[in-house]
2 protein chains.
Amino acid sequence: MVCQLEAVAAAESLDQAFHALANPTRRAVIARLGKGPATVSELAEPFDMALPSFVQHLRVLEASGLTTSKKKGRVRTVTIRPASIRRAARWLAQQRGIWEQRLDQLDDYLATIEEPSQ
Amino acid sequence: MVCQLEAVAAAESLDQAFHALANPTRRAVIARLGKGPATVSELAEPFDMALPSFVQHLRVLEASGLTTSKKKGRVRTVTIRPASIRRAARWLAQQRGIWEQRLDQLDDYLATIEEPSQ
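Residues numbered from 1 in each chain as written. Chains lettered and ligands numbered in written order. Predicted model: local features only at pLDDT ≥ 70, side-chain atom pairs only at ≥ 80, totals over all residues. Heavy atoms only, no water.

Moving on, we get to the sheet that holds strand 3 (residues 75-80) of chain A. Residues and elements named next belong to chain A. Read from one edge to the other, the open sheet built from three strands follows the order 1-3-2, with strand pairing classed as antiparallel. Bordering the open sheet on either side are strand 1 (38-39) and strand 2 (67-72), each of which pairs with just one other strand. As defined by bridge partners, strand 2 adjoins strand 3 across six bridges and the pair is classed as antiparallel. Pairing of T68 across the sheet is with T79, part of strand 3. (Pairing = 2+ DSSP bridges. Helix = DSSP H or I, 4+ residues; strand = E, 2+ residues; numbered from the N terminus.)

Structure follows, in structure tokens:
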């Protein structure tokens with residue numbers, strides 16, 4: 001039961017991470033945060049977007065667990081949470097692993113039926 | 001201009017791929033298809049879901065470019081398209097690359113300030 005609940009929580013966390021990544025503004029923010037923490041104004045600067053809309057994107061990122069933020073005085077600083085992105089990356093890498101194994105098996109099979117070319 | 005259009009198309013394709021992956025049923029279908037093509041009924045079998053709802057998930061996957069399908073008589077067979085998932089995996093791997101480089105730099109820095117422990 002605990003194990004099942006953990007599986008549900010893990011699936012929900014992947015749902016939210018992939019949902020958060022399904023938007024070019026949010027991906028650009030993640031790419032920027034990969035270089036280090038940044039304030040909301042620094043993050044908003046490159047975007048031609050009203051601040052409330054931009055802040056909404058930051059909220060989606062934080063709700064998904066991909067980022068976290070801290071307010072000091074009037075300045076909010078956003079930081080990336082590598083573990084969540086690592087989880088999403090790991091899921092995709094696993095899928096790739098399955099195909100690549102299949103392609104290797106196909107290569108092996110083709111090698112066995114290949115006629116010597118001389 | 002062409003280059004800009006290509007960048008927009010690439011971003012849209014990532015949007016759709018991540019959106020498609022933001023759902024546990026669709027991720028389970030992708031994981032299943034990693035083992036090889038399957039018919040719609042074979043794919044639907046493990047899910048306790050009305051067929052029209054399930055088919056809707058297959059449509060989202062196909063629209064995102066993650067899968068393709070072919071109908072022969074009354075049977076539709078679905079196949080994975082590795083290139084799209086590879087693109088999403090590559091984007092995530094790039095983000096990881098950026099952090100890991102930063103962590104390495106931090107390690108190097110810590111090594112320079114570390115006092116010998118004897």
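Let's shift gears to the relation of the copies chain B and chain A. Mapping chain B onto chain A is achieved by rotating through 180 degrees and translating by 0.0 Å along the same axis, at an RMSD of 0.0 Å. Those values place the two copies in the arrangement expected of a two-fold rotation axis. The share of interface residues of chain B whose copies in chain A are also at the interface is 100%, consistent with both copies meeting through the same surface. (Least-squares fit on C-alpha atoms with pLDDT ≥ 70 in both. Contact = heavy atoms within 4.5 Å.)

This part covers the confidence of the model for chain A. One rule of thumb: low pLDDT means the predicted coordinates there are not for detailed reading. Residues and elements named next belong to chain A. On average, residues of chain A score 86 in pLDDT, and 82% of them reach the 70 mark or higher. Within chain A, strand 1 carries the highest mean pLDDT (98), whereas helix 5 (residues 82-113) carries the lowest (76). Both scores are given for the predicted complex: the pTM is 0.81, the ipTM 0.80. (pLDDT = per-residue confidence, 0-100.)

For the rest of this paragraph, the subject is helix 2 (residues 24-33) of chain B. For helix 2 of chain B, the full list of buried residues reads T25, R26, R27, V29, I30 and L33 of chain B. You can read the cap of helix 2 of chain B off the contacts: a side-chain oxygen lies 2.9 Å from the backbone nitrogen of T25 of chain B, and it is on N23 of chain B. (Buried < 20%, exposed > 50% of the residue type's maximum accessible area, 1.4 Å probe, protein only. Polar contact = N/O pair within 3.5 Å; in protein donor to acceptor, adjacent residues only side chain to side chain.)

This part is about the pairing of strand 3 (residues 75-80) of chain B. All names here are of chain B. Summarising the sheet, strand 1 (residues 38-39) and strand 3 pair through two bridges and their orientation is antiparallel. Counterpart to T39 in the pairing with strand 3 is T77. Hairpin remark: strand 2 (residues 67-72) followed by strand 3, antiparallel, with two residues in the connecting loop; positive phi at G73, about 65 degrees.

Attention shifts here to the nonpolar core. Ranked by internal contacts, the top residues of the largest apolar core, which has 50 residues, are F18 and L92 of chain A together with F18 and L92 of chain B. Apart from the residues within four sequence positions on either side, F18 of chain A is in contact with A88, W91 and L92 of chain A together with F18, L21, A22, R27 and L92 of chain B. (Core = buried A, V, L, I, M, F, W, Y, C linked by side-chain atoms within 4.5 Å.)

Moving on, we come to helix 4 (residues 51-63) of chain A. Here helix 4 of chain A spans 18 Å end to end across 13 residues, near enough to the 18 Å set by a 1.5 Å rise per residue. Where helix 4 of chain A ends, the next residue or the one after it, G65 of chain A, has phi of about 85 degrees, a positive value. (Expected span 1.5 Å × (residues − 1).)

Across the contact, 31 residues belong to chain B and 31 residues belong to chain A. Taken together, both faces of the contact between chain B and chain A bury some 2,600 Å²; the carbon and sulfur share is 69%. Joining chain B to chain A, the criterion identifies two salt bridges. Salt-bridge contacts for R27 of chain B lead to D15 of chain A; the nearest nitrogen and oxygen are separated by 2.8 Å. Put simply, chain B and chain A have two residue pairs in polar contact (both at pLDDT 80 or more) between them. Broken down by secondary-structure element, the contributors of at least two residues to the side of chain B that touches chain A are helix 1 (2-21), helix 2 and helix 5 (82-113) of chain B. No other element matches the 13 residues that helix 5 of chain B contributes to the side of chain B that touches chain A. Of the residues in the side of chain B that touches chain A, the class split is 19 nonpolar, five polar and seven charged. (Buried area = accessible area lost by both parts, 1.4 Å probe. Salt bridge = Lys/Arg side-chain N within 4 Å of Asp/Glu carboxyl O. Nonpolar A, V, L, I, M, F, W, Y, C, P; charged D, E, K, R; others polar.)

Turning our eyes to something else, we now look at the packing of helix 2 of chain B against helix 4 (residues 51-63) of chain B. Residue and element names in this part refer to chain B. Viewed as axis vectors pointing N to C, helix 2 and helix 4 meet at an angle of 70 degrees, and their least axial separation amounts to 10 Å. Relative to helix 4, the element helix 2 lies roughly perpendicular. Helix-helix and strand crossings are classified by hand; for helix 2 and helix 4 the assignment is right-handed. Residues T25, R26, V29 and I30 of helix 2 lie in contact with helix 4, whose contacting residues are F54, H57, L58, V60 and L61. A per-class count over the contact of helix 2 with helix 4 returns six nonpolar, two polar and one charged. (Axes fitted to C-alpha atoms, helices over the stretch in contact; angles between N-to-C directions. Parallel < 35°, antiparallel > 145°, perpendicular 65-115°, else oblique. Left-handed = near helix turned anticlockwise from the far one by under 90°.)

As a further point, take the packing of aromatic side chains. For the structure shown, the criterion picks out five aromatic pairs over all chains. Between F18 of chain A and W91 of chain A, the ring centres sit 6.1 Å apart and the planes meet at 75 degrees, which makes this aromatic pair edge-to-face. In this pair, F18 of chain A sits in helix 1 (residues 2-21) while W91 of chain A sits in helix 5, placing the two residues 73 residues apart along the sequence. Comparing F18 of chain A with W91 of chain A, the two get one shared label, buried. Pairwise contacts between aromatic rings join F18 and W91 of chain A together with F18 and W91 of chain B into one cluster. (Phe/Tyr/Trp six-rings, centres within 6.5 Å; stacked < 30°, edge-to-face > 60°.)

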